[in-house]
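# Summary of the model geometry
Residues per chain are reported as follows:
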Amino acid sequence: MTQHRYDPFTQSLHWMTALAVIAAYAIGIGREAIPKGDLRSLLLGLHMSIGILVLGLTMVRIGWRNFVPAPVPLPATKCTALAAKLVHLGLYAAMLAIPVLGLLAAWAKGRDVGLFGLLAFPSPIGQDKVLAKSLEGAHEVAAHAMMLLVGLHAAAAIAHQTILKDGTLARMLPGGRLTETVR
Ligand code: HEM
Ligand code: HEM
């Protein structure tokens, strides 16, 4: 039978990752406004843990894709299909590259990184302030670019569902109704 919906595990990974990415971004930006002190450090720890979670979820998602392939694409023009593919590829690249850049930046700064106090990833590299600055800059620019891509992606998904009514969003939701053409 042709599969038109993302499987429940991929759906869960998608929405958990989406929440985690938005939380990491909001905390990353928000903590800049807080004066140096305990709260700011606590928020950095939380930011790094959530970011590591994004990396872990993404690796699980890519691994899972080997067992359960994506559903067949919805009927679309060549141009729309290519645009969707490029945005998805860009999002995957960002979900991997941004946490890795952040992790390397933290390590180059001499910070130890943890995962909600459950795991610790002490720095395997020596402290290098110049390298840390460049990595932090790249991390920041990539995070802002990712948010633009996420905005585009979410707007496209909502427009497909509400204007074109082609069931795009329903494919990523549990039990969401698919349209006649793709049921
Ligand atoms: C998808 C995941 C992530 C997103 C969207 C994200 C986003 C951001 C943003 C927006 C900032 C603030 C940049 C600024 O305005 O200065 C930031 C800072 C930072 N992030 Fe991330 N980040 C993520 C994951 C990580 C991870 C996994 C780590 C490390 C393990 C990390 C480490 C850092 C560090 C060290 C800073 C600079 C903090 C400072 O000293 O001011 N980030 N991140
Ligand atoms: C940080 C936020 C997000 C990230 C990183 C993200 C990432 C992705 C990726 C990589 C895919 C490709 C699926 C795959 O083949 O594995 C996807 C699909 C999808 N996403 Fe998101 N997403 C985010 C937020 C959202 C939001 C807010 C919405 C809806 C409002 C949404 C709706 C969808 C839909 C409907 C699909 C399936 C598209 C299709 O079948 O062509 N996503 N997302």
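Everything quoted here is computed from the prediction, not taken from an experiment. (Residues numbered from 1 in each chain as written. Chains lettered and ligands numbered in written order. Predicted model: local features only at pLDDT ≥ 70, side-chain atom pairs only at ≥ 80, totals over all residues. Heavy atoms only, no water.)

This brings us to the packing of aromatic side chains. Under the defined criterion, the tally for this structure stands at two aromatic pairs. For the pair Phe9 and Trp64, a centre-to-centre distance of 4.8 Å together with 75° between the ring planes defines the contact as edge-to-face. One end of the pair, Phe9, is in helix H1 (residues 8-30); the other, Trp64, is in helix H2 (residues 38-65), and 55 residues separate them in sequence. The exposure class of Phe9 is partly exposed, given its relative accessible area of 35%. (Phe/Tyr/Trp six-rings, centres within 6.5 Å; stacked < 30°, edge-to-face > 60°. Helix = DSSP H or I, 4+ residues; strand = E, 2+ residues; numbered from the N terminus. Buried < 20%, exposed > 50% of the residue type's maximum accessible area, 1.4 Å probe, protein only.)

The iron atom of ligand 2 binds to the protein through His14 (NE2) and His153 (NE2), with metal-donor distances spanning 2.0 Å. Between the six donor atoms coordinating the iron atom of ligand 2, the angles at the centre fall across 87 to 179°, so the site counts as octahedral. Linking His14 in helix H1 with His153 in helix H4 (residues 129-164), this pair joins segments that are 139 residues apart in sequence. Taking relative accessible area as the criterion, His153 reaches 23% and is therefore assigned partly exposed. (Donors = N, O, S within 2.8 Å, 3.2 Å for Na, K, Ca; no water. Tetrahedral: all angles 85-135°; square planar, octahedral: opposite > 155°, others 65-115°.)

Taken together, 23 residues lie around ligand 1, and Arg31, His47, Lys109, Arg111 and His139 are the ones closest in. Here an oxygen atom of ligand 1 and a side-chain polar atom of Arg31 are 3.1 Å apart. With respect to ligand 1, the side chain of His47 contributes an N or O atom lying 2.8 Å from a nitrogen atom. Those elements that provide at least two residues to the shell around ligand 1 are H1, H2, helix H3 (78-108) and H4. In terms of residue count, H2 provides more of the shell around ligand 1 than any other element does, six residues in total. Here the residues of the shell around ligand 1 sort into twelve nonpolar, five polar and six charged. (Near = heavy atom within 4 Å. Polar contact = N/O pair within 3.5 Å; in protein donor to acceptor, adjacent residues only side chain to side chain. Nonpolar A, V, L, I, M, F, W, Y, C, P; charged D, E, K, R; others polar.)

We now examine the coordination of the iron atom of ligand 1. Protein coordination at the iron atom of ligand 1 comes from His47 (NE2) and His139 (NE2), with a distance range of 2.0 Å. One can describe the site at the iron atom of ligand 1 as octahedral: its six donor atoms subtend angles covering 88 to 179° at the metal. Of this pair, His47 sits in helix H2 while His139 sits in helix H4, and the two are 92 residues apart along the sequence. His139 carries the same exposure label as His47, and that label is buried.

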